[in-house]
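Okay, here's what each chain looks like letter by letter:
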Amino acid sequence: LEDDYDMSENNDKGLNERRKNLNILVAAIYRVTDRFPTDEILRSRLREQALNILNHAEHAYLGDEEHFDKFVASVRTLINYCELAEQQNWVDKKNFMILKSSFFNFLNTFQAFLRPVSESSAKFSLPNKDNSKIDSNNHKFTNRQKSILNHIGKNSSSHVAELADM
């Protein structure tokens, strides 16, 4: 009985860590969209989608398979909205690159947390893009951004909390 309590306590810590990481990501969506024109529909859609992700994640934590599928779809939709907003040049494209990568990393760790390894063999990843565009002289990265990109490049999965401390 004591071992069961320890496992439950460790699982709760992992769950709370994931909640914290997701809240940080949602807050980042709000900070980035603050720079959008106030009447822009993508501003409200990105925020709504981030809140949907929070909602579906909470239900998925409780074992609701339908909400897990909705969570996955919501993350993918949010990524698509980021792609559209990125093309508008309202904010630095690096913000979207970091957000998209962080949401995909969260999706992968979330899936692994909720499902055994055999069930979670499918990993989600960003579409392959020509990274030479990122390194061009037109894009100057701050030391923090370089550190985050370097960390993401070396680690197939990263926690947002790790990136926030950089």
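Quantities reported herein were computed from a predicted structural model and do not represent experimental measurements.

Sorry, what's going on with the overall build of the chain here?
Tallying secondary structure elements over the chain gives six helices and zero strands in all. When the elements of the chain are put in sequence order from the N terminus, they spell out α-α-α-α-α-α. Within the span of the chain, comprising 166 residues, buried residues form 40% of the whole. Expressed as a percentage of contacts within the chain between residues at least 6 apart in sequence, the contacts between residues at least 24 apart total 64%. Of the roughly 10,000 Å² that the chain leaves accessible, carbon and sulfur atoms contribute 47%.

In this structure, what is going on with the nonpolar core? I would like to understand it.
Soluble globular proteins: nonpolar side chains tend toward being buried together. With 32 residues, the main nonpolar core has I29, F36, L46, F71, L78, F103 and F110 as its most contacted residues. Counting only elements with at least two residues in this core, the list comes to α1 (2–33), α2 (41–61), α3 (65–86) and α4 (93–114). In terms of residue count, the dominant contributor to this core is α3 (nine residues). Filtering out sequence-adjacent residues up to four positions away, F71 remains in contact with I53, H56, A57, F106, L107 and F110.

I'm lost on the pattern of salt bridges in this one. Help?
Opposite charge on two side chains permits them to pair, given that their charged atoms come into close proximity. This model, assessed by the stated rule, comprises seven salt bridges. Where K70 meets E66, a salt bridge forms, and the shortest distance between an N and an O atom there is 3.1 Å. You can see K70 and its partner E66 sitting in helix α3, four residues apart, about one turn around the helix. A residue is classified by how much of its surface remains accessible, and K70, at 35% relative accessible area, is partly exposed. Among the salt bridges present, the one from K100 reaches E83, with a minimum N-O distance of 2.7 Å.

Mind showing me how you'd approach unusual backbone geometry here?
Trans peptide bonds make up most of the peptide bonds, and negative phi angles are found at most residues other than glycine. The phi angle at N89 is positive, at roughly 60°, despite the residue not being glycine. Among the structural elements, N89 can be located in the loop between α3 and α4.

Rules behind the numbers
- Residues numbered from 1 in each chain as written.
- Predicted model: local features only at pLDDT ≥ 70, side-chain atom pairs only at ≥ 80, totals over all residues.
- Heavy atoms only, no water.
- Helix = DSSP H or I, 4+ residues; strand = E, 2+ residues; numbered from the N terminus.
- Buried < 20%, exposed > 50% of the residue type's maximum accessible area, 1.4 Å probe, protein only.
- Contact = heavy atoms within 4.5 Å.
- Areas by Shrake-Rupley, 256 points an atom, 1.4 Å probe, with all protein chains shown as cover.
- Core = buried A, V, L, I, M, F, W, Y, C linked by side-chain atoms within 4.5 Å.
- Salt bridge = Lys/Arg side-chain N within 4 Å of Asp/Glu carboxyl O.

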